[in-house]
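# Tertiary structure, described
Here are the chains, one letter per residue:
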Amino acid sequence: IYMCMHVGTNFSQFLLKFGHKTVKMAKTTAPTSSGEPNSYVKLCQEFSVGGFSAVPVKLRPGCKACHLLYFKPHQVREKDDTRPAERTLFVLNVPPYCTQDAVQRLFSRCGKVQAVHFCERPGGQIHADDQSTFFPTTQDIRTFKVAYVVFEKPSALKKAAGLKLSEPFVLSAADKPIVTGMRKWCQKYTQDRPDVTDLQSELDSFMAEYDKRKKEELEREKARGEEPDEEGWITVTRHGRTPGAPRTEAMEKKALKREKKKRSRRELMNFYTFQIRESKREHIAQLRKKFEEDKEKIATMKANRRFRPY
């Protein structure tokens, strides 16, 4: 199947071996006249390898060359809400010019399609649709890709698994044509230079939504700082009634110093046995420290004196 993805439909013969079965496909050529049997349709009707089926598609009605899409029901080990296994069809070999609307029109004959997702590789991340026209968060996939077609009902997936067409499906529709070649690059050039009025309107709406969201967050923080929880505790926030101090090293030292001073005022000095023992220990430590300082001073004075008899 991966060989077919890279080679396309312009192949003469290929072998696919699964277990003890070998599938051999005969030479296929594009039809040269309307009366000749459609080789692509016949090939797809007989194609079934590894659970995959095939459907022929072409870009426009006048195109003679066709392209094959390989599909089967999606199977995953882990549950994914965006790609439910009982309603998702897995499609391979999707060409770069194929759009989500074209894939939706192709499989809508089997049932109502809820969504179509494109990924660069199987199991890739599905990005949300861009809300912005001028500042997209995702880039279009410019290479061959895979598609996940999500139906609304599981019965539609069963119909899609056995889909057989009598003629190749045309991707480019009259109401939504697929633009390619020079027209595509001209369209891209025009889209990259938007109208200033439309751009300013989108920026204003974005900033209004941003200010509204920030205001709601501020109100929630204020309400959280004023209302006690179930156990009676009040959460201290930056915008509450009693805003908390910044947690810096200097502020922590000051807080510890104030707490120690308050504790010393409340406690009775040398009242308990452990207080007497600690005070004696601190007094001895201070005497030792002062003794070491005096020794250093004497050594410094001896080194600096001028008269040295020995």
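See the structure printed just above.
Now for a description of the structure that goes with this document.

Cut-off values and rules
- Residues numbered from 1 in each chain as written.
- Predicted model: local features only at pLDDT ≥ 70, side-chain atom pairs only at ≥ 80, totals over all residues.
- Heavy atoms only, no water.
- Pairing = 2+ DSSP bridges.
- Helix = DSSP H or I, 4+ residues; strand = E, 2+ residues; numbered from the N terminus.
- Contact = heavy atoms within 4.5 Å.
- Axes fitted to C-alpha atoms, helices over the stretch in contact; angles between N-to-C directions.
- Core = buried A, V, L, I, M, F, W, Y, C linked by side-chain atoms within 4.5 Å.
- Buried < 20%, exposed > 50% of the residue type's maximum accessible area, 1.4 Å probe, protein only.
- Salt bridge = Lys/Arg side-chain N within 4 Å of Asp/Glu carboxyl O.

A few words now on the sheet that holds strand 6 (residues 113–119). One open sheet accounts for 6 strands, arranged 6-7-5-4-3-8; its pairing is mixed. Edge positions in the sheet fall to strand 6 and strand 8 (169–170), since each has one partner strand and no second. Relative to strand 7 (residues 145–151), strand 6 runs antiparallel, the two sharing 6 bridges. Of the residues in strand 7, the one forming a bridge with valine 116 is valine 149. Packed onto the sheet, helix 2 (residues 39–46) meets strand 3 (53–58) and strand 4 (67–73) and runs at close to 160° relative to strand 3.

A few words on the nonpolar core. Core analysis: the largest hydrophobic core is formed by 29 residues, its most contacted members being Leu89, Val91, Leu106, Phe107, Val149 and Phe151. Ranked by residue count, the leading element in this core is helix 3 (residues 100–107), at 4 residues. If sequence neighbours within four positions are ignored, leucine 89 has contacts with Phe71, Lys72, Pro73, His74, Phe107, Ala147, Tyr148, Val149, Phe151, Leu157 and Ala160. Counting 14 residues, the second largest nonpolar core, distinct from the first, contains Leu43, Ala54, Phe90 and Val146.

What follows deals with unusual backbone geometry. Unlike most non-glycine residues, asparagine 93 shows phi in positive territory, near 65°. Following the sequence through the fold, asparagine 93 ends up in strand 5 (residues 88–94). Given a relative accessible area of 1%, asparagine 93 falls into the buried group.

So, on to the pattern of salt bridges. Under the criterion given, the structure shown has 5 salt bridges. Residues arginine 83 and aspartate 80 are paired through a salt bridge, measuring 3.0 Å at the closest nitrogen-oxygen approach. Note on arginine 83: relative accessible area 8%, which makes it buried. Given a relative accessible area of 24%, aspartate 80 falls into the partly exposed group. Lysine 214 serves as the salt-bridge partner of glutamate 217, at 3.8 Å between the closest nitrogen and oxygen. Remark: lysine 214 and glutamate 217 occur in helix 6 (residues 196–226); sequence separation between them is 3 residues, near one turn of the helix. The class for lysine 214 is partly exposed, based on a relative accessible area of 40%.

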